[in-house]
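Topology and contacts: notes
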Amino acid sequence: MKINAVLPDKGRDLRLDLFRGIANWAIFLDHIPDNVVNWITTRNWGFSDAADLFVFISGYTASFVYARMMIERGFIVGATRLTKRVWQLYVAHIILFVIYIVAISFLARRFMDSDLINEFNVAGLVDHATETLGQGLLLKFKPVNLDVLPLYIVLMGVFPPILWFMLRQPDVTMIASLVLWLVARHFSWNFSAYPAGSWYFDPYCWQVIFVFGSWCALGGAKRSAWIINSKPALYLGVAYLIFALIMTMAGRFSDFGALFPNWLYSAFNPNDKTYMAPYRFLHFIVIAMLVVRFIPKTWPALEWKGFDPAIVCGQQSLAVFCVGVFLSFVAHFVLTLSSGSVLAQIVVSLAGICIMTIVAYYISWSKRQDKPAKAPAPKAAESQTAESKVPEPKPA
């Protein structure tokens, strides 16, 4: 079947690294309850948040990295490289899972805080340790805040055939993804969780934003440029962002929410995150459209040194994400033990972001050390010296 997708241009897109780094910071902040600093994240100003951004960029970068490989070296090679990445994600999740529950259990015993075990959903380990750990290996048992990585693992695991179809029929694949999302929402399809309930991020629904990222990477954004750059899209997009802000504020402040009719208020509150509400998906599309319109790939400010910490965190996303999830638990526990003042919240939040950034810089430095050093090029002066030492032929 003919390749109909448009492969992304070669070369790193620093916008992806920048926004993925910011998403990792925002996820860390959002996972700290009662933290005034997380008011700066997008979840408080509209329908979508850092999780949407993280999943979208994951789909975009997966296509950016593996599409050309699948075309040039075949489906099997591309699929096995994707499977290798899935294994890396799974190992990272299991390591984080073990460290997370050990830390929670240790601190609960150390400070005689039994509520901590219930708060972070690890109580099952006390009575049914073997079964609970086994379900954790199957991604069914997840302590609080360990929901994003299992979703990422599932989406990457089923991505090889999706990418194969996306390369040949990108628009049809995107439509199929939209249909699956809407049908899953209607019938409430979801993965089962342990010991009860279902996944917080429904993979049947959240796949739509992952596939949307892939579609944008493989020509969808370029084909939609006429819409993205049109004035009606700009005006309608800004108007929708303002509306989303108003409805989100209505959900945050009850007195403000009481000003609106119940049918309007209840349509957007609470925000349906599990099944990816249409208004949430549309909100993210509008943000992505405005970013593409006003921040091109060649934007000179991307070279500004002030963006380097976020960019490096985006480039080392997996490690930074795992560290951030663990640090969010530590930050919550520290604030619980301390006064929990605004100053303490700011200090803990900044400390966590600094640690995540240090980890990212270290990993980046470490990877550079693993690469073989390039042999120094011979100096021109040395070449000239060598030439001057060659004896000239004597006259006959």
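Scroll up for the structure.
Remarks on the pattern of salt bridges
With the rule as written, the count across this model stands at 11 salt bridges. Across the pair Arg43 and Asp30 runs a salt bridge, and its minimum N-O distance is 3.3 Å. One end of the pair, Arg43, is in the loop between helix 1 (14-30) and helix 2 (50-73); the other, Asp30, is in helix 1, with 13 residues separating them in the sequence. Each of Asp49, Asp52, Lys273 and Arg280 takes part in a single network of salt bridges with overlapping partners.

Quick notes on the layout of surface pockets
In this structure, the second largest pocket encloses a volume near 990 Å³. Counting only elements with at least two residues in the lining of the second largest pocket, the list comes to helix 1, helix 2, helix 3 (75-110), helix 7 (148-157), helix 16 (308-315), helix 17 (317-337) and helix 18 (342-370). With eight residues, helix 2 is the largest single contributor of residues to the lining of the second largest pocket. Among the residues making up the lining of the second largest pocket, the classes are represented as 12 nonpolar, eight polar and 10 charged.

A short note on the packing of helix 16 against helix 18
Each pair of packed helices can be summarised by the angle the axes make with each other and by the distance between the axes. In contact at an axis separation of 9 Å, helix 16 and helix 18 are set at 65° when each is read in the N-to-C sense. Pair helix 16 / helix 18 crosses with left-handed handedness. Contacts between helix 16 and helix 18 involve Asp308, Pro309, Val312 and Cys313 from the first element and Met356, Thr357, Ala360, Tyr361 and Ser364 from the second. Its residues placed into classes, the contact of helix 16 with helix 18 shows six nonpolar, two polar and one charged.

Observations regarding empty space enclosed by the protein
Inspection of every chain in the model, using the stated rule, returns one cavity of 30 Å³ or more. Taken as a whole, the largest cavity spans an internal volume of roughly 30 Å³. Lining the largest cavity are Phe54, Val55, Ser58, Val148, Leu151, Tyr152, Leu155 and Phe210. Those elements that provide at least two residues to the lining of the largest cavity are helix 2 and helix 7. A per-class count over the lining of the largest cavity returns seven nonpolar, one polar and no charged.

Quick word on the environment of Trp304
Take Trp304: it is sitting in the loop between helix 15 (278-294) and helix 16. The exposed category is assigned to Trp304, whose relative accessible area is 53%. Taking the C-alpha atoms as reference points, Trp304 and Thr83, separated by 221 residues in sequence, lie 35 Å from one another.

Re the environment of Ile295
Structurally, the position occupied by Ile295 is in the loop between helix 15 and helix 16. Sequence separation between Ile295 and Lys305 is 10 residues; the distance between their C-alpha atoms is 17 Å.

Observations concerning the environment of Pro270
For Pro270, the location among the structural elements is in the loop between helix 14 (262-268) and helix 15. Overall, Pro270 belongs to the exposed group, its relative accessible area being 73%. For the pair Pro270 and Gly324, spaced 54 residues apart in sequence, the C-alpha to C-alpha distance is 26 Å.

Considerations on helix 12 (residues 231-252)
Since the α-helix turns once every 3.6 residues, residues separated by three or four places project in the same direction. The end-to-end C-alpha distance of helix 12 is 32 Å, a good match for the 32 Å that 22 residues give at a rise of 1.5 Å each. Considered for burial, the residues of helix 12 that qualify are Ala233, Leu234, Gly237, Tyr240, Ala244, Met247, Thr248, Met249 and Ala250. Taken together, the buried residues of helix 12 touch helix 11 (225-228), helix 13 (254-257), helix 14 and helix 15. Looking at where helix 12 begins, the residue whose side-chain oxygen comes 3.4 Å from the main-chain nitrogen of Ala233 is Ser230.

Focus on the packing of aromatic side chains
Overall, the coordinates contain 35 aromatic pairs when judged by the stated rule. Each ring, one from Phe54 and one from Tyr152, has its centre 5.7 Å from the other, and the planes form 85°; the classification is edge-to-face. One end of the pair, Phe54, is in helix 2; the other, Tyr152, is in helix 7, and 98 residues separate them in sequence. Looking at Tyr152, the relative accessible area reads 10%, which means it is buried.

A short note on unusual backbone geometry
Following Tyr194, the chain continues into Pro195 via a peptide bond in cis, with omega recorded as 5°. Inspection of the secondary structure assignment puts Pro195 in the loop between helix 9 (170-187) and helix 10 (203-223). Omega for the bond connecting Asn269 with Pro270 falls within 30 degrees of zero, at 0°, which places this linkage in the cis form. Unusually for a residue other than glycine, Asp34 sits at a positive phi of about 55°.

Basis of the calculations
Residues numbered from 1 in each chain as written. Predicted model: local features only at pLDDT ≥ 70, side-chain atom pairs only at ≥ 80, totals over all residues. Heavy atoms only, no water. Salt bridge = Lys/Arg side-chain N within 4 Å of Asp/Glu carboxyl O. Helix = DSSP H or I, 4+ residues; strand = E, 2+ residues; numbered from the N terminus. 1 Å grid on protein atoms, 1.4 Å probe; cavity = no way out; pocket = protein on both sides within 12 Å on 5 of 7 lines; lining within 4 Å. Points joined across faces, edges and corners; volume = space filled by probe spheres on them. Nonpolar A, V, L, I, M, F, W, Y, C, P; charged D, E, K, R; others polar. Axes fitted to C-alpha atoms, helices over the stretch in contact; angles between N-to-C directions. Left-handed = near helix turned anticlockwise from the far one by under 90°. Contact = heavy atoms within 4.5 Å. Buried < 20%, exposed > 50% of the residue type's maximum accessible area, 1.4 Å probe, protein only. Expected span 1.5 Å × (residues − 1). Polar contact = N/O pair within 3.5 Å; in protein donor to acceptor, adjacent residues only side chain to side chain. Phe/Tyr/Trp six-rings, centres within 6.5 Å; stacked < 30°, edge-to-face > 60°.

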